[in-house]
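# Remarks on the overall topology
Listed below are the residues making up each chain.
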Amino acid sequence: MLLLWLSVFAASALAAPDRGAGGRRRGAAGGWPGAPNVVLVVSDSFDGRLTFYPGSQAVKLPFINFMKAHGTSFLNAYTNSPICCPSRAAMWSGLFTHLTESWNNFKGLDPNYTTWMDIMEKHGYRTQKFGKLDYTSGHHSISNRVEAWTRDVAFLLRQEGRPMINLIPKKTKVRVMEGDWKNTDRAVNWLRKEASNSTQPFVLYLGLNLPHPYPSPSSGENFGSSTFHTSLYWLKKVSYDAIKIPKWSPLSEMHPVDYYSSYTKNCTGKFTKKEIKNIRAFYYAMCAETDAMLGEIILALRQLDLLQNTIVIYTSDHGELAMEHRQFYKMSMYEASAHIPLLMMGPGIKANLQVSNVVSLVDIYPTMLDIAGAPLPQNLSGYSLLPLSSEMFGNEHKLKNLHPPWILSEFHGCNVNASTYMLRTNQWKYIAYSDGTSVLPQLFDLSSDPDELTNIATEFPQVTYSLDQKLRSIINYPKVSASVHQYNKEQFIKWKQSVGQNYSNVIANLRWHQDWLKEPRKYESAINQWLKTPL
């Protein structure tokens, strides 16, 4: 029934005249004759590879497929930092992470920072935000901060609960993530009551928490989020036989940073194939529920006769490993964690177009300003996506050089014991760590090794050197790593002083309490030694 409806919907929803087709070229100057509305839906933890083959075979995502058919999908879109706050700071500022200095989930943009939405408002747009934002400083748990600050300490502690699944008893329950559904309802109501009656163009943002794993209170007082939680209704959208069980390297052969991540995420124990497949199935079901919320927005726009003059953009802050590389969560430069969905449809946007160019979240900022016809600041890290997706620019190949043939992603937070830098080009993924010498780099040829199982950095020294030089021309990453080291130590000292005499008790009962309490003196001593070590 849904597929039948979508086919009818497609014919009518996009049959209206394209208000952008005859407009002036964008980028250098000009804009649509009538400024289009914009809706940006940003989910959490959505693996971008699920939006195209073969990942798309594992779960039914009808509204993402609708956007693909009637808009432009970016096949190689990446986060600029695979964790919530830093990635969102990049998206809202248009700046790389080392420029925002959003080093972890606690440190983001200043609340008064001028975002693309602020500029669009100044250029005549009515603006509204609902749901998860998470791009300013001051959020997330004390445990999360302390884990990030102490990642250089010479100890290894489990910081997360073991990944698990939880099936809701009520088989027909549709609204599993109730908070997200409430925010979706609020966005739909705003479209009906406010946007549909507005004489101004509008920009609406909806932030979803799904398909981020749910909290796991069973793992202790300071629990993390390691539970994949859904209902049978959404599991029925998953093709169980199509789920791929990822290959794992033996623990002894893992890259040292990967081993640290796997251990702190509580993933170095034994997992059966059924366990792994179930975790992935539940994650995909959570993605199906996310797609349905996106669908509610698209349906509302259609019902209100707004769809033909609204550019809809869907993306995510980062992906989800879902047991690839013996990990869950994100905080990794592997594809499952760093590759994000990015789809656009609406007036002036090419239909059924797949763009292979590498792009990233910092490109959202200039794209939004380009849509609004606002001038672009000179200091942005990103580039407008309109030359790659808009009918007003002519052939894509003529403008492929407008966006550089690389993207940068960085990570400086918890569960990873070295600052990490990824340079992604058409063929290669190069990952450098720390100061560039103390930790071995990684190089993957994604054309022949899409699962990223073979590090060929030593096998291709010239390619490794060339990519490292390119990376250093974009970012002085040894210097950035040193700055993060200093920041972590300074912040930890301030926090330690703030808790005073309760320090030993507080630090022992953070998320790592199960390991810490076995040898508290050993771990306190390791921190004291770290504090004495000069930078």
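Before reading on, note that the structure itself is shown above.
Below or above, wherever it landed, is the structure these notes cover. (Residues numbered from 1 in each chain as written. Predicted model: local features only at pLDDT ≥ 70, side-chain atom pairs only at ≥ 80, totals over all residues. Heavy atoms only, no water.)

## Considerations on the side chain of Ser390
Let me state the cut-off plainly: Secondary structure elements are taken from DSSP: a helix is a run of H or I of four residues or more, a strand is a run of E of two residues or more, and numbering for both begins at the N terminus. Polar contact is the term for a pair of N or O atoms within 3.5 Å; when the atoms are in protein, one must be able to donate a hydrogen and the other to accept it, and sequence-neighboring residues count only if both atoms are side-chain atoms.
Checked against the element boundaries, Ser390 lands in the loop between helix 13 (386-389) and strand 11 (407-411). Of the polar contacts made by the side chain of Ser390, one reaches the backbone oxygen of Gly348; its length is 3.2 Å.

## Side note on the packing of aromatic side chains
Note the threshold: Between rings of Phe, Tyr and Trp, where Trp is taken as its six-membered ring, a pair exists when centres lie within 6.5 Å; planes separated by under 30 degrees are stacked, by over 60 edge-to-face, and by other angles tilted. Burial classification: accessible surface area is computed with a 1.4 Å probe over protein chains only, and a residue below 20% of its type maximum counts as buried, one above 50% as exposed, and the rest as partly exposed.
Using the criterion set out here, one finds 25 aromatic pairs in the structure. Between Phe46 and Tyr314 the ring centres are 5.8 Å apart and the planes differ by 85°, which places this aromatic pair in the edge-to-face class. Residue Phe46 is found in the loop between strand 1 (37-43) and helix 2 (62-70), and its partner Tyr314 is found in strand 7 (residues 310-316); the two are separated by 268 residues along the sequence. The exposure class assigned to Phe46 is buried, which follows from its relative accessible area of 0%. Ring plane angle 80° and centroid distance 5.9 Å describe the contact between Phe155 and Trp516, whose orientation is recorded as edge-to-face. On the criterion of sequence distance, the pair formed by Phe155 in the loop between helix 6 (142-149) and strand 4 (164-167) and Trp516 in helix 17 (residues 513-516) is long-range, its members being 361 residues apart. For the residue pair Phe155 and Trp516, the accessibility class agrees, reading buried in each case. Cluster of aromatic residues (ring-pair linked, three or more members): Phe228, Tyr283, Tyr284, Phe328 and Tyr329.

## Focus on the pairing of strand 9 (residues 342-345)
Each regular strand carries side chains that alternate between the two faces of the sheet. Put simply, the rule reads: Pairing between strands is defined by DSSP: at least two bridges between them are needed.
The alternating pattern of strand 9 places Leu342 and Met344 and Leu343 and Met345 on opposite faces, both of which are buried. Note: strand 2 (residues 71-78) against strand 9, three bridges, orientation antiparallel. Of the residues in strand 9, the one forming a bridge with Thr72 is Met344. Pairing of strand 7 with strand 9 involves four bridges; the strand directions are antiparallel. Within the sheet, the bridge partner assigned to Tyr314 lies in strand 9 and is Leu343.

## Concerning the sheet that holds strand 13 (residues 428-433)
Think of a sheet as strands paired side by side through backbone hydrogen bonds, with each pair either parallel or antiparallel. Defined as follows: Orientation is described by lines fitted to C-alpha atoms, with helices fitted over the stretch in contact, and by angles between N-to-C directions that extend from 0 to 180 degrees.
The four strands lie next to each other as 11-12-13-14, forming an open sheet whose pairing is antiparallel. The open sheet has two free edges, formed respectively by strand 11 and strand 14 (442-445), since each of these has just one partner strand. Looking at each pair of strands side by side, their axes are set apart by 15° on average, direction ignored. As defined by bridge partners, strand 13 adjoins strand 14 across four bridges and the pair is classed as antiparallel. Paired with Trp428 across the bridge in strand 14 is Asp445.

## A closer look at unusual backbone geometry
Trans is the prevailing form of peptide bonds, just as negative phi is the prevailing case for residues other than glycine. With omega at 5°, the peptide bond leading from Tyr53 into Pro54 counts as cis. Checked against the element boundaries, Pro54 lands in the loop between strand 1 and helix 2. The backbone phi angle of Asn266 is positive, close to 65°, even though this residue is not glycine. With respect to the element layout, Asn266 can be found in the loop between helix 9 (256-264) and helix 10 (273-303). Positive phi, close to 55°, is recorded for His325, a residue that is not glycine.

## Things to note about the environment of Glu275
Selection rule: Every residue pair with non-hydrogen atoms within 4.5 Å of one another is taken to be in contact.
Along the polypeptide, Glu275 turns up in helix 10. The exposure class assigned to Glu275 is partly exposed, which follows from its relative accessible area of 27%. Taking C-alpha positions, Glu275 is 48 Å from Ile119, a pair spaced 156 residues apart along the chain. Look past the residues within four positions of Glu275 in its chain and what remains in contact with it is Arg162 and Lys270.

## Quick look at helix 12 (residues 364-372)
Among the nine residues of helix 12, nine are classified as buried, and the element is accordingly described as predominantly covered. Where helix 12 is concerned, the buried positions are Ile364, Tyr365, Pro366, Thr367, Met368, Leu369, Asp370, Ile371 and Ala372. Where helix 12 terminates, the next one or two residues include Gly373, which has phi positive at roughly 75°.

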